[in-house]
Amino acid sequence: MNGRDPLPMRAWTLLAGLAAFISASGCAAVREGPAAGQEVVFFPAPASISAAGEWSLTIQGRIFEPAGQSAGRQAVITLAARTLAPLLGVSPADAEQSDRFRERAGLLLSDSAGNTRVSVQLGEAPIALPASDPAGYFTADLTLSAAQVAALTRAGSISFASLPNGANGKVFAGQVMPLAEEGVIVVSDVDDTIKVTNIRQQREKLENTLLKPFAAVPGMAELYRSWQAAFGPGMHFHIVSAGPWQLYEPLRRFTEDAAFPPFTWSMRSLDIGSPAAILAALATDARDYKRQAIRALMTRFPKRHVVLVGDSGEQDPEVYADIVDEFMDRVDAVFIRNVSGEGCSAERYRKLFADEGASKLSVFVDPGELPPLAPASPGRALCAGRH
């Protein structure tokens, strides 16, 4: 897959084919869900205020049936373990018996609940959300008054929960984070930016995605916390990743365990049960996805500045250069972790970041090399990398 997805094409093709083999057929009528045995995961999203004083809240999530509830899917996970073992550098038995592999492969192979509607309780009001797409994903933009948001906000976020129904009595919690009009948004990549993936090495990236514990890039959590301490509530952290939403939950646990500041998230919706959808995603440039996601964020928060943090392993420099060209006055700094051996004087960066854009760029190996980031001078950082 082009761009930032950590799974190689061979692995995606295998998982798509296996998932399609055991996927249930769709239903034309919208189902009120979740059904028995299905679960809902909500993905944290930012909320914005308009010039008229109204708030727009995004509720996003996915409805699915966990693979652990299906003997057929468990058998497919076993087959995937045996098939992918050579790519993982382990024996088929070790892959098959790995709880971590089975959990992550199970998330990728979980049965999507498409055309299903979830209702949530937001304050006093029950709200029926739009039906999910074939991959089980749904999103809704809700409008609330300033008074409603003020009454619902606790410790910087608004909590809500799904409503139980006759088929499924479980309640699933979610949150939205209201952001003030002005401030700084740190847009962060995941793989090889805050999490060690080694995406340029086929075997290592597959191992680090499916088999090994997620590991933080040394110093990155401390760096983000130092920025948070300097800026206070005026700084917000947002993930933009081309990886699939199926891996959100282990990634969320990883960021919490590594003591990163709270994130809101943008990831890609992939219907793992549809080979056609997977092949279409494989043909899609992740650079386009990430550029569009960042552009949408900046359009939604027109008075906020951004700091862009990524790495040189794939296309983050190209994506961020595009954003700098379009939003020159609002991009305060671009920080690129050097995983490709290209220092800031490399031809790649000379072409991408010219004139004023070059003054915003820092290329680093150790986060300790970076210049301080403070409200008094949030950008215009000199290039710290000389590697």
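Preceding block: the structure.
Rules used in this analysis
- Residues numbered from 1 in each chain as written.
- Predicted model: local features only at pLDDT ≥ 70, side-chain atom pairs only at ≥ 80, totals over all residues.
- Heavy atoms only, no water.
- Salt bridge = Lys/Arg side-chain N within 4 Å of Asp/Glu carboxyl O.
- Helix = DSSP H or I, 4+ residues; strand = E, 2+ residues; numbered from the N terminus.
- Core = buried A, V, L, I, M, F, W, Y, C linked by side-chain atoms within 4.5 Å.
- Buried < 20%, exposed > 50% of the residue type's maximum accessible area, 1.4 Å probe, protein only.
- Contact = heavy atoms within 4.5 Å.
- 1 Å grid on protein atoms, 1.4 Å probe; cavity = no way out; pocket = protein on both sides within 12 Å on 5 of 7 lines; lining within 4 Å.
- Points joined across faces, edges and corners; volume = space filled by probe spheres on them.
- Nonpolar A, V, L, I, M, F, W, Y, C, P; charged D, E, K, R; others polar.
- Pairing = 2+ DSSP bridges.
- Axes fitted to C-alpha atoms, helices over the stretch in contact; angles between N-to-C directions.

A.B. asks: Mind showing me how you'd approach the pattern of salt bridges here?
C.D. replies: Where charged atoms from two side chains of opposite charge come close, those side chains can pair. For the coordinates displayed, the defined rule picks out 19 salt bridges. When the shortest N-O distance is used, the salt bridge between Arg295 and Glu326 registers 3.0 Å. On the criterion of sequence distance, the pair formed by Arg295 in helix H10 (residues 286-300) and Glu326 in helix H11 (residues 316-326) is long-range, its members being 31 residues apart. In this structure, Arg348 and Glu318 form a salt bridge, with 3.0 Å as the shortest nitrogen-oxygen distance. Taken as a pair, Arg348 in helix H12 (residues 347-352) and Glu318 in helix H11 lie far apart in primary sequence, 30 residues in all.

A.B. asks: Any chance you could explain the nonpolar core here in plain terms?
C.D. replies: Residues Phe101, Ile194, Met220, Tyr224, Trp227, Val307 and Phe335 are the most contacted members of the largest nonpolar core, which totals 52 residues. Here the element with the most residues in this core is helix H2 (residues 71-88); it accounts for seven residues. When neighbours within four sequence positions are excluded, Phe101 is seen to be in contact with Ile77, Ala80, Ala81, Leu84, Leu88, Ala95, Gly106, Leu210 and Leu211.

A.B. asks: Just to check I follow, could you spell out the layout of surface pockets for this structure?
C.D. replies: Any space left empty among the atoms is revealed by the rolling of a water-sized probe across them. Of the pockets and cavities examined, the largest pocket occupies roughly 620 Å³. As for the largest pocket, its lining consists of 34 residues, of which Val41, Phe42, Tyr248, Glu249 and Arg252 are closest to the centre. Going through the elements one at a time, strand S2 (39-43), strand S4 (55-65), helix H4 (99-108), strand S12 (173-178), helix H8 (248-257) and strand S15 (263-268) are the ones with two or more residues in the lining of the largest pocket. Tallied by class, the residues present in the lining of the largest pocket amount to 19 nonpolar, eight polar and seven charged. Along the walls of the second largest pocket sit 23 residues, with Thr58, Gln60, Thr139, Trp265 and Ser266 positioned nearest its centre. Breaking the lining of the second largest pocket down by element, the ones donating at least two residues are strand S3 (45-49), S4, strand S9 (137-144), S15 and H10. Residue composition of the lining of the second largest pocket, grouped by class: 13 nonpolar, seven polar and three charged.

A.B. asks: When you look at the pairing of strand S8 (residues 125-128) in this model, what are you seeing that I'm missing?
C.D. replies: One face of the sheet, then the other: side chains in a regular strand alternate in exactly this way. Two strands pair when backbone bridges link them, and strand S7 (residues 119-122) and S8 are joined in this way by four bridges, in the antiparallel orientation. In the sheet register, Ser119 faces S8, and the bridge partner there is Ala128. Taking the residues that link successive antiparallel strands as the turn, the S7-S8 hairpin has two residues, and the phi of Gly123 there is positive, at about 70°.

A.B. asks: What is the right way to read the sheet that holds strand S17 (residues 331-337) from this model?
C.D. replies: The strand order across the open sheet formed by six strands is S15-S14-S13-S16-S17-S18, and the pairing between neighbours is parallel. Since the sheet does not close on itself, it has two edges, and those belong to S15 and strand S18 (361-364), each with one partner. Sheet twist, expressed as the average angle between the axes of neighbouring strands with direction ignored, equals 20°. Pairing of S17 with S18 involves four bridges; the strand directions are parallel. Paired with Phe335 across the strands is Ser362, a residue of S18. The strands that H10 touches are strand S13 (183-188), strand S14 (235-244), S15, strand S16 (304-311) and S17; relative to S14, the one it contacts most, it runs at about 155°.

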